[in-house]
Amino acid sequence: MPMPLRRFLAPLILGVAGTATLIALSVWQTQRLAWKEGLIAELSARLAEAPIALPVAPDPEVFEFRRVVVTGRFTGETGEHGHVDAPLLATLEKAPGYRVIQPFEMVDGRRIMVTRGWVPLEAKNIDGRAVRPIPAPEDEVTVTGALRWPDDPQSPAFGARDNVWIARDLAIYADLFDVEPLLVVAETATPGPETRSPVPTPLTVNLRNNHFGYAVTWGLLAFAWIIMSAIWAWSRRAV
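Treat the numbers as computed from the prediction; the structure is a model and nothing was measured. (Residues numbered from 1 in each chain as written. Predicted model: local features only at pLDDT ≥ 70, side-chain atom pairs only at ≥ 80, totals over all residues. Heavy atoms only, no water.)

**So, the overall build of the protein**
Looking only at helices and strands, the protein has six helices and seven strands in total. Listed N to C, the secondary structure of the protein is α-α-β-α-β-β-β-β-α-β-α-β-α in terms of helices and strands. Residues classed as buried in the protein amount to 38% of the 239 residues present. Taking as baseline every contact in the protein between residues at least 6 positions apart, the subset at least 24 positions apart corresponds to 67%. Carbon together with sulfur atoms contributes 61% to the accessible area of the protein, which is approximately 13,600 Å² in total. (Helix = DSSP H or I, 4+ residues; strand = E, 2+ residues; numbered from the N terminus. Buried < 20%, exposed > 50% of the residue type's maximum accessible area, 1.4 Å probe, protein only. Contact = heavy atoms within 4.5 Å. Areas by Shrake-Rupley, 256 points an atom, 1.4 Å probe, with all protein chains shown as cover.)

Spelled out as structure tokens, the structure:
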């Protein structure tokens, strides 16, 4: 190879390899974007369907975000502070508070979990501790909600102070409450006697979808890599 051409060999090889890699990553994120948008559309379509009876052994791949109707009573063992719920610290648009999860015994004897909704900090806290019970309806109730299998990114702090966890783990809760590892996020209000809490949270498909931004970022990096490689090659023209 003539000496002048050898000067540009390294910039050329690294420029092509780096650009190809970055473009491949951008294409991959574009494909992920299409997949995520399709998944969101599918789950949203499920959520829009009429509610059904709770299946015997619902498959998460088929019944995630499927609306169901369950009839029964809220239950719960009396805990350290008279808790009958498993609150989870959650921040909604209005203010920080707790997402209240409670065992629910259906009329057919099945025991599951129901997310009853959100309560503000002051409704649950006494002197900064989440020790105030959130009463449930005393009579039999019919609850409509969506089946969820939460995939929280944080590990649950099992046995956390005052029954407050930082993430939802259905397996841990199922053992704690002696129920099936099934969670229904209620859209039906289930306030206790003389209370208005908890407030059901809106049922929406809110999956994280940052793939478009990632695809653009990788594409811009590929463009920048081309520019940098060209500058490097230009700087070696007189070497």
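The rest of the description comes next.
**Quick word on the nonpolar core**
The biggest cluster of nonpolar side chains holds 26 residues, and the ones touching the most others in it are Leu54, Phe104, Ile112, Met113, Val114 and Val143. Put simply, the parts of the chain that give this core at least two residues each are β2 (67-74), β4 (96-106), β5 (111-120), β6 (141-148), α5 (170-177) and β7 (183-186). With four residues, α5 is the largest single contributor of residues to this core. Sequence-distant contacts of Leu54, that is, excluding residues within four places in its chain, are made with Val68, Val69, Val70, Met106, Arg110, Ile112, Leu147 and Leu182. (Core = buried A, V, L, I, M, F, W, Y, C linked by side-chain atoms within 4.5 Å.)

**Section: the pattern of salt bridges**
Scanning all chains against the criterion turns up six salt bridges. One salt bridge connects Arg67 with Glu187, and the closest N-O pair in it is separated by 2.4 Å. Highlighted residues: Arg67 in strand β2 and Glu187 in the loop between β7 and α6 (211-235), separated in sequence by 120 residues. Residue classification places Arg67 among the buried residues on the basis of a relative accessible area of 16%. The exposure class of Glu187 is partly exposed, given its relative accessible area of 34%. Residues Glu180 and Arg110 are paired through a salt bridge, measuring 2.8 Å at the closest nitrogen-oxygen approach. Of the two residues, Glu180 is situated in the loop between α5 and β7 and Arg110 in the loop between β4 and β5; the sequence distance between them amounts to 70 residues. When its relative accessible area of 15% is taken as the criterion, Arg110 is described as buried. (Salt bridge = Lys/Arg side-chain N within 4 Å of Asp/Glu carboxyl O.)

**Some details on the pairing of β4**
Counting buried positions over the eleven residues of β4 gives nine, a clear majority of the element. Sheet analysis places β2 next to β4, joined by three bridges and oriented antiparallel. Across the sheet, Gly72 pairs through a bridge with Met106, a residue of β4. Between β4 and β5, which pair antiparallel in sequence order, lie four residues; one of them, Gly109, sits at a positive phi of approximately 95 degrees. (Pairing = 2+ DSSP bridges.)

**Thoughts on the side chain of Arg67**
A polar side-chain atom of Arg67 sits 3.1 Å from the main-chain carbonyl oxygen of Glu49. Polar contacts involving the side chain of Arg67 include one to the side chain of Glu187, which spans 2.4 Å. The residues contacting Arg67, other than those within four sequence positions of it, are Leu47, Glu49, Ala50, Pro51, Ile52, Thr144, Gly145, Ala146 and Glu187. (Polar contact = N/O pair within 3.5 Å; in protein donor to acceptor, adjacent residues only side chain to side chain.)

**Here's the deal with the environment of Leu54**
Within the element layout of this structure, Leu54 appears in the loop between β1 (52-53) and α3 (60-63). Distance in space between the C-alpha atoms of Leu54 and Val184 is 9.6 Å, their sequence separation being 130 residues.

**Examining α5**
Considered for burial, the residues of α5 that qualify are Leu170, Tyr173, Ala174 and Phe177. Taken around the axis of α5, the buried residues stretch over an arc of 105 degrees, which confines them to a single face. At the N-terminal end of α5, a side-chain oxygen is found 3.1 Å from the backbone nitrogen of Ala171, two or three residues along, and the residue is Asp169. Just downstream of α5 lies Asp178, where phi reads positive at about 55 degrees. (Arc of directions from axis to C-beta.)

**With respect to α6**
Since the α-helix packs 3.6 residues into each turn, any two residues three or four apart lie on the same face. Across its 25 residues, α6 extends 36 Å between first and last C-alpha, which sits within 8% of the 36 Å expected from 1.5 Å per residue. By the burial criterion, the buried members of α6 are His211, Ala215, Ala222, Ser229 and Ala233. If you follow the buried residues of α6, they end up packed against α2 (9-48). (Expected span 1.5 Å × (residues − 1).)

**Observations regarding the side chain of Gln29**
Among the secondary structure elements, Gln29 is positioned in helix α2. A residue is classified by how much of its surface remains accessible, and Gln29, at 6% relative accessible area, is buried. Aside from chain neighbours lying at most four places away, what touches Gln29 is His211, Tyr214, Ala215 and Trp218.

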